[in-house]
Amino acid sequence: MHVLYSDHYEFPLPSGHRFPAEKYRLLREALLQQGIIPPARFHPAEPIPLDLLALAHTPAYIQAVLEGTLPSQIERQIGLPWSPELAQRSLLSVGGTWQAAQHALRDGLSGNLAGGTHHALADQGMGFCVFNDVAVTAMALLEHGWVHRIAVVDLDVHQGNGTAAILGPYSQIFTLSLHGEKNYPFRKVPSTLDIGLPDHCDDATYLAALEEGLKAVLNFRPQIVLYLAGADPLAADRLGRLDLTLEGLAQRDRMVLDACSAHNIPVVLVMAGGYAQPIELTVEAHLQTYVLAGNILGMA
């Protein structure tokens, strides 16, 4: 299993900012220290080529991000202060998912220790998301003709409005979003299938809803799955409003990965959200996703 990372390239945040940027580094270190991924299988992400980025984002928005000329309203929507480092890190995050998809097509399984930035729209970012790595990767896969049917399984606790908006016109792409119905974003863009969950949803309710969602995904017969394995459905998450346990998240991952394995569908893992206190709970949730992936699909 090949894994891409971009935490070696840091971007500045004000003291006390609520975005947990250190979770990426902590996860990579845990995967290495526990021997879950061999060091030779880790690769620093490369920036996404701008021509591929433009498949999902407007030239004017790309230029504004790279040059630091974002309108103040858009910068506030993103929630991360602009810096040259943020612009570069955003290119690396998208590039990591694109590279991971190429590995997955060869090996059956790959991961990006970043990504899942599903709120970014074609012409603006929001919700800690600058560019939409999943939308870019899906469009690039179609552009290259490597696959013709793609599924996005978005299990971040927040609805994937940007992914739905960008990919909605394409019949070759199925987008599933399982999310908190009353949570951010408050204006949701319809996915192929949206399943909204009530506040304080427990493991059993969540997993039953996921079972129905996965049936629809498999009926679509995708040739690759881009899996947003968000850690923010955890009860301890500051922004989640659901009540899932770590075991509930583990069962969620088993269901997705078992289904893909049974149908020989390559999987790309991306991190998406996670804001638990303490941060170690977020890291543990992501860590168990990789442990389960290795057990179920094999470390190809």
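Cut-offs applied
Residues numbered from 1 in each chain as written. Predicted model: local features only at pLDDT ≥ 70, side-chain atom pairs only at ≥ 80, totals over all residues. Heavy atoms only, no water. Helix = DSSP H or I, 4+ residues; strand = E, 2+ residues; numbered from the N terminus. Rg over C-alpha atoms; globule rule 2.2 N^0.38 Å. Buried < 20%, exposed > 50% of the residue type's maximum accessible area, 1.4 Å probe, protein only. Contact = heavy atoms within 4.5 Å. Lys, Arg positive; Asp, Glu negative; His and termini not counted. Charge placed at Lys NZ, Arg CZ, Asp CG, Glu CD. Salt bridge = Lys/Arg side-chain N within 4 Å of Asp/Glu carboxyl O. Pairing = 2+ DSSP bridges. Axes fitted to C-alpha atoms, helices over the stretch in contact; angles between N-to-C directions. Parallel < 35°, antiparallel > 145°, perpendicular 65-115°, else oblique. Left-handed = near helix turned anticlockwise from the far one by under 90°. Expected span 1.5 Å × (residues − 1). Arc of directions from axis to C-beta. Right-handed = clockwise from strand over helix to strand, strands pointing away.

K.L.:
For this particular structure, what's the right way to read the overall build of the chain?
P.N.:
For the chain, the count of helices and strands is ten helices and eight strands. Its C-alpha atoms give the chain a radius of gyration of 17 Å, within 12% of the compact-globule value 19 Å for 300 residues. When its C-alpha atoms are laid out on the principal axes, the chain stretches across 45 × 45 × 40 Å. Scored against the burial criterion, the 300 residues of the chain give a buried share of 58%. Excluding contacts between residues fewer than 6 apart, the proportion of contacts in the chain whose partners are at least 24 apart in sequence is 76%. Averaging the coordinates of the 18 positive side-chain charges in the chain and doing the same for the 30 negative ones gives two points 2 Å apart.

K.L.:
How should the pattern of salt bridges be read in this particular structure?
P.N.:
Where charged atoms of side chains with opposite charge meet at close range, the side chains can pair. On inspection of all chains with the given rule, the structure shows six salt bridges. Where Lys-215 meets Glu-212, a salt bridge forms, and the shortest distance between an N and an O atom there is 3.4 Å. Here Glu-212 and Lys-215 lie together in helix H8 (residues 203-220), a separation of three residues that amounts to about one turn. Overall, the relative accessible area of 43% leaves Lys-215 in the partly exposed class. Note that Glu-247 and Arg-254 form a salt bridge whose closest N and O atoms lie 3.0 Å from each other. The partly exposed category is assigned to Glu-247, whose relative accessible area is 46%. Given the relative accessible area of 27%, Arg-254 is considered partly exposed.

K.L.:
Please clarify how the sheet that holds strand E5 (residues 173-180) should be interpreted in this entry.
P.N.:
To summarise the sheet geometry, strands pair through backbone hydrogen bonds and adopt either a parallel or an antiparallel arrangement. Read across the sheet, eight strands follow the order E2-E1-E3-E8-E7-E4-E5-E6 without closing on themselves; strand pairing throughout is parallel. The outermost strands of the open sheet, each flanked by one partner alone, are strand E2 (42-44) and strand E6 (193-197). Going from strand to strand, the sheet's axes swing by 15° on average, the running direction of each strand aside. Relative to E2, strand E1 (residues 2-5) runs parallel, the two sharing three bridges.

K.L.:
In this structure, what is going on with the packing of H8 against helix H9 (residues 246-262)? I would like to understand it.
P.N.:
Two measures define how a pair of helices packs: the angle their axes make with one another and the distance between the axes. Contact geometry for H8 and H9: axes closest at 10 Å, N-to-C directions at 15°. With respect to each other, H8 and H9 are oriented roughly parallel. In this structure, the crossing between H8 and H9 has a hand that is right-handed. Listed contacts from H9 to Asp-203, Tyr-206, Leu-207, Leu-210, Glu-211, Leu-214 and Leu-218 of H8 are Gly-248, Gln-251, Arg-252, Met-255, Val-256 and Ala-259.

K.L.:
Honestly, the side chain of Asn-161 in this entry has me stumped. Any pointers?
P.N.:
Assignment of secondary structure puts Asn-161 in helix H7 (residues 161-167). Setting aside its immediate chain neighbours within four residues, Asn-161 contacts His-118, His-119, Leu-121, Met-126, Pro-185, Arg-187 and Val-189.

K.L.:
Could you clarify how one ought to interpret the pairing of strand E3 (residues 109-112) in this entry?
P.N.:
For a regular strand, side chains alternate in direction, first toward one face of the sheet and then toward the other. Side chains Leu-109 and Gly-111 project from E3 onto one buried face, and the interleaved Ser-110 and Asn-112 project onto a second face that is buried too. As defined by bridge partners, E1 adjoins E3 across three bridges and the pair is classed as parallel. Looking at E3, one finds that Leu-4 is bridged to Asn-112. As defined by bridge partners, E3 adjoins strand E8 (residues 267-270) across four bridges and the pair is classed as parallel. Across the sheet, Gly-111 pairs through a bridge with Leu-269, a residue of E8.

K.L.:
Explain H8 to me, please; I cannot follow it from the model alone.
P.N.:
Because each turn of an α-helix spans 3.6 residues, side chains separated by three or four positions in sequence point in the same direction. Given a rise of 1.5 Å per residue, 18 residues ought to cover 26 Å, and the 26 Å separating the end C-alpha atoms of H8 matches this to within 8%. Looking only at H8, the buried set comprises Asp-203, Tyr-206, Leu-207, Ala-209, Leu-210, Gly-213, Leu-214, Val-217 and Phe-220. Down the axis of H8, the sector holding all buried residues measures 160°, keeping them to one side. Among the exposed residues of H8, those pointing more than 90 degrees away from its buried face are Ala-204 and Asn-219. Taken together, the buried residues of H8 touch strand E4 (150-154), E5, E6 and H9. Taken from the residues just after H8, Arg-221 is the one with a positive phi, measuring 60°.

K.L.:
What am I meant to see in the pairing of E4 here?
P.N.:
With five of its five residues buried, E4 lies for the most part within the structure. Here E4 shows a buried face lined by Ile-150, Val-152 and Asp-154 and a second buried face lined by Ala-151 and Val-153. Sheet analysis places E4 next to E5, joined by five bridges and oriented parallel. In the sheet register, Val-152 faces E5, and the bridge partner there is Thr-175. Crossover E4 to E5 through H7 is right-handed. Bridge count between E4 and strand E7 (residues 224-228): five bridges; the pairing is parallel. Each residue of the ladder has a partner; that of Asp-154, found in E7, is Leu-228.

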